[in-house]
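# Geometric and topological summary
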Amino acid sequence: MEQIAPFIAYVLQTLMIAVTLIVVAVPEGLPMAVTLSLAYSMRRMLRTNNLVRKMHACETMGATTVICTDKTGTLTQNQMKVDDIKVYATNVSDNVINEGFAVNSTASIDFSIVTKPQVLGNPTEGALLLWLSSKGIDYRMLRESVNIVKELPFSTERKYMATIVKSSLFEGKTILYVKGAPEIVSGLCKNIENNVSKTDIENQLVEYQNQAMRTLGFAYQIIDSKADVFKDGKVVADNLTFMGVVAISDPVRLDVPAAVAECMNAGINVKIVTGDTPGTAKEIGRQIGLWTAKDGDKNIITGPEFAALSDGELDKRVLDLKIISRARPMDKKRLVEALQRKNQVVAVTGDGTNDAPALKAAHVGLSMGDGTSVAKEASDITIIDNSFSSIGKAVMWGRSLYQNIQRFLLFQLTVNVAACFIVLFGAFMGEESPLTVTQMLWVNLIMDTFAAMALASLPPSESVMQDKPRNRNAFILNKQMIANIVGVGGFFFVMLLGLLYIFQHADIHQLTDLLTLQLGEKGHVTAYELTLLFTIFVMTHFFYLFCARAFETGKSALHFKGCKGLLIIAAIILAGQIAMVEIPGLQNFFNVTGLKFEDWVIIIVGSSLVLWIREIWSLLKKI
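Below: a short report on this structure. (Residues numbered from 1 in each chain as written. Predicted model: local features only at pLDDT ≥ 70, side-chain atom pairs only at ≥ 80, totals over all residues. Heavy atoms only, no water.)

## Comments concerning the overall build of the chain
On a plain count of helices and strands, the chain comes out with 23 helices and 18 strands. Viewed in the frame of its principal axes, the chain has a C-alpha envelope of about 120 × 50 × 45 Å. When burial is assessed residue by residue, the chain has 51% of its 623 residues classed as buried. By sequence separation, contacts in the chain at least 24 residues apart represent 71% of the contacts at least 6 residues apart. Put simply, the chain shows about 28,500 Å² of open surface, and 59% of that area lies on carbon and sulfur atoms. Side chains of the chain give 58 positive and 58 negative charges; the mean places of these two sets differ by 5 Å. (Helix = DSSP H or I, 4+ residues; strand = E, 2+ residues; numbered from the N terminus. Buried < 20%, exposed > 50% of the residue type's maximum accessible area, 1.4 Å probe, protein only. Contact = heavy atoms within 4.5 Å. Areas by Shrake-Rupley, 256 points an atom, 1.4 Å probe, with all protein chains shown as cover. Lys, Arg positive; Asp, Glu negative; His and termini not counted. Charge placed at Lys NZ, Arg CZ, Asp CG, Glu CD.)

Here's what the structure looks like:
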């Protein structure tokens, strides 16, 4: 038994060293760091009008290479206002036009705030009702004065809507009102009065569209109650009269041009997908800085032309496209899929039920705050204020979050390299373990848990928007990180190994003894010397935490703006290290002894050289 006991003790000690090595080598704080970073980003992104519905979307936005955006409400203010009306049917009374606008509509107006009426429903239809209201006409009375016989709601496929009513304007006769895309509505009409040609109408539309106006055509027909007006979801009336065109303005949001430029400078392609005409879409594109004089036919396509392309033809053109006009909902989904086939990371906006397939297909679906519940459920992030500038902020947060995870890995793996090798080589040198199990638990606590909290809570940096999108499939450890991990971690290991060798061969009563060092054959390390080694290990990495925090920011490690959480955690680490070394009750638990004041001064000043050397090196690189 006397011979077995030492063997069992040796085996247990060896196992303890092995377990300690495993604990040191594995960055078990990484899952927590990632989760903390994502959770923190979700909470802070809400302040920038980004309601994150799926946690992974925070990080994916940082890798986005293409943003497919709607026009109305996202690029524009969504404050529709009738700018002009061109009436061609001069023999039609204003009452017919007014009634058509009032009854052939699904929108309504909330007049509870007299000075600022609110449109409920489609903003374009609401603009017509507001126009009536500005003329002193109550659309509600017009609606009450008719009996609606049948309705054909608007759809993006046919691009018009129609309503049949029994009207008092023509002695109770039945009237069909049609409203929608001018080129579609005029194509349904048999009568265009006053010798107006379709060329005249087209020229008028181009004039409006060059001013970024949204245009609607409207028509009517007095019908026989027995006539077949609707068939297979389409208007088949054969005697429609084209009454005119209304031009509706919707100004570009003031912050959008700068936000689009920021995204384009960040290497992100922006594509507009809209139901508007090519002319209107190009003018909006020009106003936000997307469409330039260098762009031509290869950069714009209409929905029907888009649908006619084969997948092979689309793949050849998709990267060049900037605008899809007269788009239909499934065009957006097909665009997303084509971009994904070209290895693009796609974010897409949508607010309607028909946008749900595209929102689901995209890497990141962005629904609008005033969108349908179906769109929101299908999306990953909801843009509360509907603005494109908020999308740019989501990209900035995503890129910053990824960098925060990289900084944690840089710090954690540097600690692991130094700790793992000092424990391993310490065992080879005859020491059971230079760092005890309880000491390693403290190291893991401050280097894993606390470091994860500190680096995960770092604020976003606007400088990330000057970089190009990262490769989503790239290894998270880049060349610079690996060089730092190996170089700095290796330096810390060699330094600690050198100290361990000195402690084995010389009596050190305080660190000032190193100035008159004489090596001998001592052969063992005292508890005091192990405490020095442990404290030096912790303090060098304590200061390296600030270096890791400044990694690839281009800023000084002493730049602490917005880093309140980091400073609090740093203070906790420093206070905790001093407490465990100096408080008697903790000394026994962590296998340490008290240090002299001079030791603390030398350790803190000496360890801080990690920080100062980094600052000097950064300055030299800028010269």
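Continuing now.
## Some words on the nonpolar core
Among the nonpolar cores identified, the biggest contains 70 residues, and Phe411, Val443, Leu532, Phe534 and Phe537 are the most heavily contacted of them. Every element with two or more residues in this core is listed here: helix 16 (388-428), helix 17 (437-456), helix 18 (479-505), helix 19 (527-549), helix 20 (564-582), helix 22 (597-607) and helix 23 (609-622). Counting residues per element, this core draws most heavily on helix 19, at 16 residues. By size, the runner-up hydrophobic cluster in this structure holds 42 residues, among which are Leu38, Cys58, Cys263 and Ala281. (Core = buried A, V, L, I, M, F, W, Y, C linked by side-chain atoms within 4.5 Å.)

## Description of the side chain of Asp295
Locating Asp295 in the fold gives a position in the loop between helix 10 (278-287) and strand 14 (300-302). A polar side-chain atom of Asp295 sits 2.9 Å from a polar atom in the side chain of Lys322. Among all residues touching Asp295, those that are not within four sequence positions of it are Leu290 and Lys322. (Polar contact = N/O pair within 3.5 Å; in protein donor to acceptor, adjacent residues only side chain to side chain.)

## Considering the sheet that holds strand 15 (residues 323-325)
As summarised here, the arrangement of the eight strands in space is 1-18-17-16-2-13-15-14, forming an open sheet in which the pairing is mixed. Bordering the open sheet on either side are strand 1 (50-52) and strand 14, each of which pairs with just one other strand. Recorded for the sheet is a direction-independent mean angle of 20 degrees between the axes of neighbouring strands. By the bridge criterion, three bridges tie strand 2 (residues 66-69) to strand 16 (residues 346-350) in an arrangement that is parallel. Paired with Val66 across the bridge in strand 16 is Val346. (Pairing = 2+ DSSP bridges. Axes fitted to C-alpha atoms, helices over the stretch in contact; angles between N-to-C directions.)

## Quick word on unusual backbone geometry
If you check the backbone angles, Lys159 has positive phi at about 65 degrees while not being a glycine. Along the chain, Lys159 turns up in the loop between strand 6 (147-152) and strand 7 (160-166). Overall, the relative accessible area of 11% leaves Lys159 in the buried class. A positive phi is found at Asn343, a non-glycine position, where the angle reads about 65 degrees. Tracing the backbone through its elements, the reader meets Asn343 in the loop between helix 13 (329-341) and strand 16. Accessibility expressed as a relative area gives 69% for Asn343, which makes it exposed.

## Quick notes on the packing of helix 22 against helix 23
Orientation of helix 22 relative to helix 23, taken along the N-to-C sense of each, is 20 degrees, at an axis distance of 5 Å. As the angle between them shows, helix 22 and helix 23 are arranged roughly parallel. Taking contact as the criterion, the partners of Val605, Gly606 and Ser607 in helix 22 are, on helix 23, Leu609, Val610 and Leu611. Classifying every residue of the contact of helix 22 with helix 23 by side-chain character gives four nonpolar, two polar and no charged. (Parallel < 35°, antiparallel > 145°, perpendicular 65-115°, else oblique. Nonpolar A, V, L, I, M, F, W, Y, C, P; charged D, E, K, R; others polar.)

## Describing the pattern of salt bridges
A side chain with one charge may pair with a side chain of the opposite charge, provided their charged atoms come close. This structure, assessed with the given rule, holds 16 salt bridges. A salt bridge links Asp355 to Lys332; the shortest N-O distance between them is 3.2 Å. Of this pair, Asp355 sits in the loop between strand 16 and helix 14 (356-361) while Lys332 sits in helix 13; the two residues are 23 residues apart in sequence, bridging distant segments of the chain. The pair formed by Asp355 and Lys332 is uniform in burial state, with each residue classed as buried. It is possible to trace a salt-bridge network through shared partners that takes in Asp70, Lys332 and Asp355. (Salt bridge = Lys/Arg side-chain N within 4 Å of Asp/Glu carboxyl O.)

## Structural notes on the packing of helix 4 (residues 94-103) against helix 5 (residues 123-134)
For the pair helix 4 and helix 5, the least separation of the axes is 9 Å and the interaxial angle reads 135 degrees. It follows that helix 4 is oblique to helix 5 by the angle criterion. Where helix 4 crosses over helix 5, the handedness of that crossing is left-handed. Where helix 4 approaches helix 5, its residues Asn98, Phe101 and Ala102 are matched on the opposing element by Leu128, Leu129, Trp131 and Leu132. (Left-handed = near helix turned anticlockwise from the far one by under 90°.)

## Topic: the packing of aromatic side chains
Considering all chains together, one arrives at 14 aromatic pairs under this definition. Among the aromatic residues, ring-to-ring pairing joins Phe411, Phe491, Phe492 and Tyr544 into one connected group. Cation over ring: Arg334 sits above Phe306, and NZ or CZ is 5.5 Å from the ring centre. The cationic tip of Arg470 hangs over the ring face of Tyr402; the distance from NZ or CZ to the ring centre is 3.8 Å. (Phe/Tyr/Trp six-rings, centres within 6.5 Å; stacked < 30°, edge-to-face > 60°. Lys NZ or Arg CZ within 6 Å of the ring centre and 35° of its normal.)

## Details of the state of the cysteines
One pass over the full model with this rule turns up zero disulfides. No disulfide involves Cys68; its sulfur sits 13 Å from that of Cys263, the nearest cysteine. (Disulfide = S-S within 2.5 Å.)

## Comments concerning a nonpolar patch on the surface
On the surface, a cluster of nonpolar side chains totalling about 430 Å² of accessible area is made up of Ile4, Ile8, Val11, Leu12 and Leu15. Assessed through its relative accessible area of 49%, Leu15 is described here as partly exposed. (Patch = residues over 30% accessible without salt bridge, like charges linked within 9 Å, V, L, I, M, F, W, Y side chains within 5 Å.)

## Section: the sheet that holds strand 9 (residues 214-223)
Spatial strand order, 3-12-9-8-7-6: six strands in an open sheet with antiparallel pairing. The sheet is open, and its two borders are formed by strand 3 (81-87) and strand 6, each paired with just one other strand. Sheet twist, expressed as the average angle between the axes of neighbouring strands with direction ignored, equals 20 degrees. Note that strand 8 (residues 174-180) and strand 9 share seven bridges and pair antiparallel. Looking at strand 9, one finds that Tyr177 is bridged to Tyr220. Contacts from helix 4 reach strand 3, strand 7, strand 8, strand 9 and strand 12 (241-249) within the one sheet, and its direction differs from that of strand 8 by about 70 degrees.

Function-wise, these values are silent; they only describe arrangement.
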